[in-house]
Amino acid sequence: MPSIAPALLAWYDREAADFPWRRTHDAYAVWLSEIMLQQTQVETVIPYYERFLAAFPTVQALADAPLDTVLKRWEGLGYYSRARNLHRAAQIVAQEMGGNFPSTADELEKLPGIGRYTAGAISSIAFGQRAPVLDGNVIRVFARLTDLNTEVTQNAVKMKLWTLAEDWLPAERAGDYNQALMELGRTVCKPRNPLCGICPIQAHCAAFTNGTQNERPVKAKKAPVPHYDVAAGVIWNDVGQLLIAQRPLKGLLGGLWEFPGGKQEQGETLPECLKRELREELAIEVEVEDLFTVVHHGFTHFKITLHAFMCRYRSGAPQKIGVHDWAWVSVNELDQYSFGKADREVIAALNARKTMLL
DNA sequence: AAAGCGGGGAG
DNA sequence: CTCCCAGCTTT
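Residues numbered from 1 in each chain as written. Chains lettered and ligands numbered in written order. Predicted model: local features only at pLDDT ≥ 70, side-chain atom pairs only at ≥ 80, totals over all residues. Heavy atoms only, no water.

## Regarding the protein's contact with DNA strand B
Point 1. Around DNA strand B sit 20 residues, and of these Gln 39, Gly 113, Thr 118, Gly 136 and Arg 140 come closest.
Point 2. In the interface set of DNA strand B, defined as its atoms within 4 Å of the protein, sugar plus phosphate atoms amount to 71%.
Point 3. Gly 113 places a polar main-chain atom, nitrogen or oxygen, 2.4 Å from a phosphate oxygen of DNA strand B.
Point 4. Between DNA strand B and Ile 114 there is a distance of 3.2 Å, counted from a phosphate oxygen to a backbone nitrogen or oxygen.
Point 5. Looking at the surface near DNA strand B, the elements with two or more residues in it are helix H8 (116-127) and helix H9 (136-145).
Point 6. Split into classes, the residues belonging to the surface near DNA strand B amount to six nonpolar, eight polar and six charged. (Near = heavy atom within 4 Å. Polar contact = N/O pair within 3.5 Å; in protein donor to acceptor, adjacent residues only side chain to side chain. Helix = DSSP H or I, 4+ residues; strand = E, 2+ residues; numbered from the N terminus. Nonpolar A, V, L, I, M, F, W, Y, C, P; charged D, E, K, R; others polar.)

Given below as structure tokens:
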């Protein structure tokens, strides 16, 4: 197959969108954008990227910031381990590398949060190294170019695609070529209804020739996700403060704050579940009062219905048993803490009620 | 309701 | 080295 690079680069030179991270080759800025762009669409990332860079303009500033401050800037973006790894990597670069990112993909990949894709992206875009990338966009473009009829989730198939990414990489402008491939996948070679009529490399595309572009890439069927009911407490003390808890630093929503509670078990009511969870995780006793609000929320491997109950604190100094930390705070102070989306909806309901009462 | 999107870490 | 885990947006 003749090289796709000339047509792709010419298209990119004409059509490339003007994203904020494309106005710089600063490794810190490129790194930040690539971490944010993992698992997250471009349009979502832009405002987070700009606010984050304004708050932490240099890798040193990020390294010096407390983790809580970093998580607060990440709030709502999801996959919070990215923020924790970003913070750790910033400290390594600032403290052990004199503030300079390594330039090769192999060295970059040793930093937390940087895998093969991100290492290739940073080294090619920020440092002009001839390193390949393979993200979901590139997988889709390649699966169509080669009319690949095997499941792209299979490891052997992924390895083959990495080899293609390496083999087709041009000698010059590897960073632009990589970005062009991903941009093509995002805007033209889209998951559904690809715009083959305006594709600059249509002439190279086996799927287009065979009319199979809508069947590529082949993906395995996903198992249906389970559903759980979760009870959470909006727990008030006698001076009008709320008890919030910080989740353990590892795992789901790691390091984020929440209204404490947990999953309903077989044969227990939601108020019973809530009282049990509060004993298990904080060693406190509460009076469960009215159901306050119900929130539906989806995660990768399951979905939840969150039932938030108004509660009155009764006894027991909170203990850090199943939580990383806890705090009594006023409603107005809630915005200073990082919460996941579902708990943010509970807070929105609290603010709405407060507004109604005024 | 379902699809889309990379890396860490346990086993 | 595999397999399992992981949040939110868009369609």
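Next comes the rest of the description.
## A few points about the pattern of salt bridges
Point 1. Counted under the stated rule, the structure contains 22 salt bridges.
Point 2. Here Lys 72 makes a salt bridge to Glu 75, at a shortest N to O gap of 2.7 Å.
Point 3. What makes Lys 72 partly exposed here is its relative accessible area of 24%.
Point 4. For Arg 276, the salt bridge identified is with Glu 265, shortest N-O distance 3.7 Å. In this pair, Arg 276 is assigned in helix H13 (residues 270-282) and Glu 265 in the loop between strand S4 (261-263) and H13, connecting sequence segments eleven residues apart. (Salt bridge = Lys/Arg side-chain N within 4 Å of Asp/Glu carboxyl O. Buried < 20%, exposed > 50% of the residue type's maximum accessible area, 1.4 Å probe, protein only.)

## Considering the domain arrangement of chain A
Point 1. Taken domain by domain, chain A consists of domain 1 (5-215) and domain 2 (227-357).
Point 2. Here domain 1 and domain 2 have C-alpha centroids that lie 36 Å from each other.
Point 3. Overall, the association of domain 1 and domain 2 removes approximately 880 Å² of surface from exposure, summing both partners, and the carbon and sulfur fraction of that is 47%.
Point 4. The interface formed by domain 1 and domain 2 contains one salt bridge.
Point 5. At the surface where domain 1 touches domain 2, the tally comes to nine residue pairs in polar contact (both at pLDDT 80 or more).
Point 6. Of the residues forming the side of domain 1 that touches domain 2, the biggest block, three residues, is contributed by helix H5 (residues 67-74).
Point 7. Considering only residue class, the side of domain 1 that touches domain 2 consists of three nonpolar, one polar and four charged. (Domains from an automatic or database assignment. Buried area = accessible area lost by both parts, 1.4 Å probe.)

## Regarding H5
Point 1. Turning to H5, its buried residues number three or more, namely Val 70, Leu 71 and Trp 74. Taken end-on, H5 shows its buried residues confined to a sector of 100°, consistent with a single buried face.
Point 2. Where H5 is buried, its residues contact helix H2 (27-37), helix H3 (42-55), helix H4 (59-64) and helix H6 (81-96).
Point 3. Directly after H5, the chain includes Gly 76, whose backbone phi takes a positive value near 95°. (Arc of directions from axis to C-beta. Contact = heavy atoms within 4.5 Å.)

## Brief notes about the packing of aromatic side chains
Two numbers describe a pair of aromatic rings. These are the distance of the centres and the angle of the planes.
Point 1. Considering all chains together, one arrives at twelve aromatic pairs under this definition.
Point 2. Relative to Trp 74, the ring of Phe 52 has its centre 5.9 Å away and its plane inclined at 85°; by these criteria the two rings are edge-to-face. Within this pair, whereas Phe 52 is found in helix H3, its partner Trp 74 is found in helix H5, the two being separated by 22 residues in sequence.
Point 3. Classification of Trp 74 by relative accessible area gives buried; the value is 0%.
Point 4. Arranged with centres 4.9 Å apart and planes meeting at 70°, the rings of Trp 257 and Tyr 337 form a pair that is edge-to-face. On the criterion of sequence distance, the pair formed by Trp 257 in strand S3 (residues 257-258) and Tyr 337 in the loop between strand S7 (325-329) and helix H14 (341-357) is long-range, its members being 80 residues apart.
Point 5. Relative accessible area serves as the criterion here: at 6%, Trp 257 is assigned to the buried category.
Point 6. Members of the aromatic cluster, joined through ring pairs, are Phe 19, Trp 21 and Tyr 49.
Point 7. Taking NZ or CZ as reference, Lys 263 lies 4.2 Å from the ring centre of Tyr 228, over its face. (Phe/Tyr/Trp six-rings, centres within 6.5 Å; stacked < 30°, edge-to-face > 60°. Lys NZ or Arg CZ within 6 Å of the ring centre and 35° of its normal.)

## Observations regarding the pairing of strand S5 (residues 285-298)
Looking along a regular strand, one sees side chains alternate from face to face of the sheet.
Point 1. With eleven bridges joining them, S5 and strand S6 (residues 303-315) adopt antiparallel strand pairing. Bridging from a neighbouring strand, Val 288 pairs with Cys 311 of S6.
Point 2. In this structure, the hairpin formed by S5 and S6 is closed by a connection of four residues. (Pairing = 2+ DSSP bridges.)

## A short note on unusual backbone geometry
Backbone phi values are negative for most residues with the exception of glycine, while trans is the configuration of most peptide bonds.
Point 1. Note the cis peptide between Arg 216 and Pro 217, where omega equals -5°.
Point 2. Residue placement: Pro 217 occurs in the loop between helix H12 (206-210) and strand S1 (227-236).
Point 3. Unlike most non-glycine residues, Arg 173 shows phi in positive territory, near 60°.
Point 4. Note on placement: Arg 173 falls in the loop between helix H10 (155-168) and helix H11 (174-187).
Point 5. Judged by its relative accessible area of 35%, Arg 173 is partly exposed.
Point 6. The backbone of Ala 283 sits at a positive phi, close to 60°, despite the residue not being glycine.
Point 7. Mapping Ala 283 onto the fold places it in the loop between H13 and S5.

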